[in-house]
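Residues per chain, in single letters:
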Number of protein chains: 2
Amino acid sequence: MTQTPTPKIPIPCEFDDLSNCPVRSVLDRIGDKWSTLLILQLQDGPKRFGVLRRSLPDISQRMLTQTLRNLQRDGLVDRTVFDTVPPSVEYSLTDMGQSLLTPIAGLVNWAQVNQPSIQDSRDSFDHAAAQIDGARQVRAG
Amino acid sequence: MTQTPTPKIPIPCEFDDLSNCPVRSVLDRIGDKWSTLLILQLQDGPKRFGVLRRSLPDISQRMLTQTLRNLQRDGLVDRTVFDTVPPSVEYSLTDMGQSLLTPIAGLVNWAQVNQPSIQDSRDSFDHAAAQIDGARQVRAG
DNA sequence: GAGGGTGGTTACGTCCAGGTAACCAAAGGC
DNA sequence: GCCTTTGGTTACCTGGACGTAACCACCCTC
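The structure contained in this document is the topic of the report that follows. (Residues numbered from 1 in each chain as written. Chains lettered and ligands numbered in written order. Predicted model: local features only at pLDDT ≥ 70, side-chain atom pairs only at ≥ 80, totals over all residues. Heavy atoms only, no water.)

Now for the nonpolar core. Core analysis: the biggest nonpolar cluster contains 70 residues, and Tyr91(A), Leu100(A), Ile104(A), Tyr91(B), Leu100(B) and Ile104(B) have the highest contact counts within it. With residues near it in sequence (within four places) discarded, Tyr91(A) still touches Leu42(A), Pro46(A), Lys47(A), Phe49(A), Leu52(A), Leu68(A), Arg69(A), Val77(A), Asp78(A) and Arg79(A). (Core = buried A, V, L, I, M, F, W, Y, C linked by side-chain atoms within 4.5 Å. Buried < 20%, exposed > 50% of the residue type's maximum accessible area, 1.4 Å probe, protein only. Contact = heavy atoms within 4.5 Å.)

So this is what it looks like as structure tokens:
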């Protein structure tokens, strides 16, 4: 009943070289603060630097530049400079970037479906922890 | 041709409260150093603390405890204490934890498929950057 | 009574992701 | 001459993730 319905995932890297594990490098990008949000912002077409900045009011200019550079370096995002004045720059997903949308969608969907359960679990865990902590206070006092 | 084949992913959170965005909380867990590896270690059955530690030689005891606690708090992992002596503790995936294997598998698979392209892209990006940097050195010198 | 094997916790130090703010060039408006 | 807008870069600082090492209780064996 609680048997895994998923085919076994091979452990993606040897542990003696987890520093250059390919899966880790992807997870690191997915896991950083802004990459995923930027990829989602670009999913329906190219956007200019300023538009992205205004779409994500909390991102600093520095992090926007840096995150876009990393995505470009990984080949997930294209950067096009238009020779206007002042110069305008457009960012868009590459084909590989587009293809990353599928697994991201799986994750986003899972997160949205399970978010209530996770929240419940956290609440009851914290509640139980507080109980135990209270008991310890009593014993110590 | 380069049109997105994926149905549009709704932006998963409002940006005025990205601190308690459900998707972010999942990505933070996925993105941390050990959670994913532990989930993969547990995919084919319960394992004891010591077994997990020996499976991941690079993890410190502190991080193993901490990561397992977080996974337990989120309801992804069950912790069972056996009243033997010395006490032994077994960790296993909950049903929700099992269900997370599917999106993780998507990501792992994507990473493995695209890893060569990413590496190529990084190499040529870094090569180009070195070129530009070299040119700047010449101008400055 | 010293040492080993359970599964932890705690104090402490380090390192880096990320935020803040100042600065840049070029051209246009006034 | 000064301010604005474009898309950056740079120096500096902080918070938190993570690692290291010591310590704990428990009971066993030797």
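Our focus in this paragraph is the interface of chain A and chain B. Each partner contributes residues to the interface: chain A has 63 residues there, and chain B has 63 residues. Interface area for chain A against chain B, summed over the two sides, is near 5800 Å², with a carbon-plus-sulfur share of 67%. In this structure, Arg122(B) and Asp74(A) form a salt bridge, with 2.6 Å as the shortest nitrogen-oxygen distance. Summed over the shared surface of chain A and chain B, the number is 18 residue pairs in polar contact (both at pLDDT 80 or more). Elements that contribute at least two residues to the side of chain A that touches chain B include exactly helix 1 (22-31), helix 2 (35-41), helix 4 (61-73) and helix 5 (95-140) of chain A. Broken down by element, the residue count for the side of chain A that touches chain B peaks at 24 residues, all from helix 5 of chain A. (Buried area = accessible area lost by both parts, 1.4 Å probe. Salt bridge = Lys/Arg side-chain N within 4 Å of Asp/Glu carboxyl O. Polar contact = N/O pair within 3.5 Å; in protein donor to acceptor, adjacent residues only side chain to side chain. Helix = DSSP H or I, 4+ residues; strand = E, 2+ residues; numbered from the N terminus.)

Further remarks concern the environment of Gln72(B). With respect to the helices, strands and loops of the structure, Gln72(B) is situated in helix 4 (residues 61-73). Distance from Gln72(B) to Phe125(B), taken between C-alpha atoms, is 41 Å for residues 53 residues apart in sequence. Once you skip the residues sitting within four places of it in the chain, Gln72(B) turns out to touch Ser121(A), Phe125(A), Val77(B) and Arg79(B).

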